[in-house]
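Here are the chains, one letter per residue:
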Amino acid sequence: MFTIFIYCHLILKTYYFYIKHFELIPLIKFSLIWPIIIINSILNNIFLLIDNLLFNFKNINIVKPLFIVGFPRSGTTFLHHSIYQDKQFTTPQLWELLFAPSIIQKLLWKNIIQFFNIQDSKNINVLKKITQKFDHIHEINLFNPEEDYLSFIPFGGCFLLIILMPIDEIWNLTNFDSYFSKKQQDKLMFKYKLLIKRHLFVYGTKKTYLSKNPYFTTITKTLNRTFPDCNIIGCHRKPEEAITSLLSNMDEAYKLMSRKIIDYNHVEKYVVMYKRFYDVMTQQEKTNINYVLLTMNEISQDLLDVIHSIYKQFNYTLDKKFEYIIQKRAIKSKNYKSTHKYNLSDYNLDSNYIDKLFCNIK
């Protein structure tokens, strides 16, 4: 699993899917996109190999990493960006995940960015024209801290590939701990650990690695086995709100491929995914002392108290300067009112069905 051969398998399966369903436009778009992904992945892997010759990073210790998981659209991004303000933590930015997973690439691009002051340029985000329609949902910017499972794209292990590859092999990633064998899990985690060590080599070996990935929710057991001292925060909100918000978000992404999320039972698959996520989170909260379960309302309305609670439970040092930053963010979050409303009926869902599935949620 997670090799170039597997990627070829995924590509062939995707072609079969589009041909089977007579989806010509998505087929053409996919044919234009996948070579770019493969070329970028090959280049990144070449630089990753060069790292082994130039840098001594494999013996770096990853100490008490913090993982934020949970329902997509449940405050994970806001919490991630808040904790990222604390300088004892470090997390990758989007440009690193896509174009600079290796040490040599990070150092090269960091110097280019600093020398030309690229980060302050309002026009540098080449993705903006494509991604601006998502700004009200999740702002996509090359210099934002981002979900590091994007680094799994070269290994076929990133669920966002579902936008391009609507096939079972990608859906299986939402049930990672149960579906894949320990050998397959360990192969991916081995690559992941090396990517984290490379990041720490560049940004500080004494820093605590911070990760935010909603789709890591069902990788929790594997994370605990791979990082025995890790801490995990699970986030959730009312399922009816979270599910419709995610479906609206993903529907926009599907449109990039001229597809609709209501096709081929994908709405039901996302609902089942949410139920699986919730079952994992509640089970972890009961059995894992290094696991905290938070609601979106707690994060948005009581951010300062949430940060105090997290730092106390996980024994992180709370800096006064960081605390002041959180106080200001807490005021803004309390006053924030979303103007976006979504209805279950837009996706042929019924509130009774959702309530029955998530009857035990607090």
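Nothing here was measured: the structure is a model prediction, and the numbers come from that model.

S.K.: Just checking my understanding: could you explain the packing of aromatic side chains for this structure?
M.R.: Between two aromatic rings, the relevant description is the distance of the centres plus the angle of the planes. Per the counting criterion, the structure on display carries 25 aromatic pairs. For the pair Phe89 and Tyr311, a centre-to-centre distance of 6.2 Å together with 65 degrees between the ring planes defines the contact as edge-to-face. Of this pair, Phe89 sits in strand E2 (residues 89-90) while Tyr311 is found in helix H14 (residues 303-314), placing the two residues 222 residues apart along the sequence. Taken individually, Phe89 and Tyr311 each receive the classification buried, so the pair is uniform in this respect. An aromatic cluster of at least three residues, connected via ring pairs, comprises Tyr149, Phe159, Trp171, Tyr215, Tyr270 and Phe277.

S.K.: What should I look at first to understand the pattern of salt bridges in this one?
M.R.: Here the idea is simple: oppositely charged side chains can pair when their charged atoms come close. Inspection of every chain in the model, using the stated rule, returns 11 salt bridges. The partner of Lys182 in a salt bridge is Asp186, with the nearest N and O atoms 2.8 Å apart. With Lys182 and Asp186 both in helix H9 (residues 182-203) and four residues apart, the pair spans about one turn of that helix. Given the relative accessible area of 27%, Asp186 is considered partly exposed. The salt bridge involving Lys255 is made with Glu252; its shortest N-O contact spans 3.6 Å. In this pair, Lys255 and Glu252 both sit in helix H11 (residues 239-255), three residues apart, roughly one turn of the helix.

S.K.: Mind showing me how you'd approach the pairing of strand E3 (residues 208-212) here?
M.R.: Every regular strand shows the same layout, with side chains that alternate between the two sheet faces. Extensive coverage of E3 is indicated by the burial of five of its five residues. Neither face of E3 is open: one carries Thr208, Leu210 and Lys212, the other Tyr209 and Ser211, and all of them are buried. Two elements, strand E1 (residues 66-70) and E3, share three bridges in a ladder whose sense is parallel. Opposite Phe67, over in E3, you have Ser211 as the bridge partner. In this structure, E2 lies alongside E3, joined through two bridges in parallel fashion. The partner of Thr90 across the bridge, within E3, is Tyr209.

S.K.: Explain helix H3 (residues 76-84) here, please?
M.R.: Taken residue by residue, H3 has Thr76, Leu79, His80, Ser82 and Ile83 as its buried positions. Down the axis of H3, the buried side of the element spans an arc of 165 degrees, and every buried residue falls inside it.

S.K.: Would you mind showing me how to read the nonpolar core here?
M.R.: For soluble globular proteins, nonpolar side chains are generally found buried alongside one another. By size, the foremost hydrophobic cluster in this structure holds 82 residues, and its most contacted members are Phe152, Ile162, Met165, Ile170, Tyr192, Phe216 and Tyr270. Formed by 21 residues, the second largest nonpolar core is a distinct cluster that contains Phe89, Val306, Phe322 and Ile326.

S.K.: When you look at the side chain of Glu323 in this model, what are you seeing that I'm missing?
M.R.: Mapped onto the elements of the fold, Glu323 is located in helix H15 (residues 320-335). Excluding anything up to four places from it in sequence, Glu323 contacts Leu304, His308 and Leu318.

S.K.: Looking at this model, I keep getting lost on the environment of Lys58. Mind explaining?
M.R.: On the secondary structure map, Lys58 appears in the loop between helix H2 (24-54) and E1. Looking at Lys58, the relative accessible area reads 44%, which means it is partly exposed. Remark: the alpha-carbon pair of Lys58 and Phe201, spanning 143 residues in sequence, is separated by 9.3 Å. With residues near it in sequence (within four places) discarded, Lys58 still touches Asn52, Leu194 and Lys197.

S.K.: Is there a simple way to think about the packing of H2 against helix H5 (residues 103-115) in this case?
M.R.: If you want to describe how two helices pack, look at the angle between their axes and the distance between the axes. The interhelical angle for the contact between H2 and H5, taken along N-to-C directions, is 100 degrees, at an axis separation of 7 Å. It follows that H2 is roughly perpendicular to H5 by the angle criterion. Only Ile103, Ile104 and Gln105 of H5 make contact with H2, whose side of the interface consists of Asn44, Phe47, Ile50, Asp51 and Leu54. Here the residues of the contact of H2 with H5 sort into five nonpolar, two polar and one charged.

S.K.: Sorry if this is basic, but what is going on with the side chain of Lys212 here?
M.R.: Assignment of secondary structure puts Lys212 in strand E3. For Lys212, a relative accessible area of 2% corresponds to the buried category. In this structure the side chain of Lys212 is engaged in a polar contact, spanning 2.8 Å, whose partner is the side chain of Thr77. Side-chain polar atoms of Lys212 contact the side chain of Glu147, separated by 2.5 Å.

About the thresholds
- Residues numbered from 1 in each chain as written.
- Predicted model: local features only at pLDDT ≥ 70, side-chain atom pairs only at ≥ 80, totals over all residues.
- Heavy atoms only, no water.
- Phe/Tyr/Trp six-rings, centres within 6.5 Å; stacked < 30°, edge-to-face > 60°.
- Helix = DSSP H or I, 4+ residues; strand = E, 2+ residues; numbered from the N terminus.
- Buried < 20%, exposed > 50% of the residue type's maximum accessible area, 1.4 Å probe, protein only.
- Salt bridge = Lys/Arg side-chain N within 4 Å of Asp/Glu carboxyl O.
- Pairing = 2+ DSSP bridges.
- Arc of directions from axis to C-beta.
- Core = buried A, V, L, I, M, F, W, Y, C linked by side-chain atoms within 4.5 Å.
- Contact = heavy atoms within 4.5 Å.
- Axes fitted to C-alpha atoms, helices over the stretch in contact; angles between N-to-C directions.
- Parallel < 35°, antiparallel > 145°, perpendicular 65-115°, else oblique.
- Nonpolar A, V, L, I, M, F, W, Y, C, P; charged D, E, K, R; others polar.
- Polar contact = N/O pair within 3.5 Å; in protein donor to acceptor, adjacent residues only side chain to side chain.

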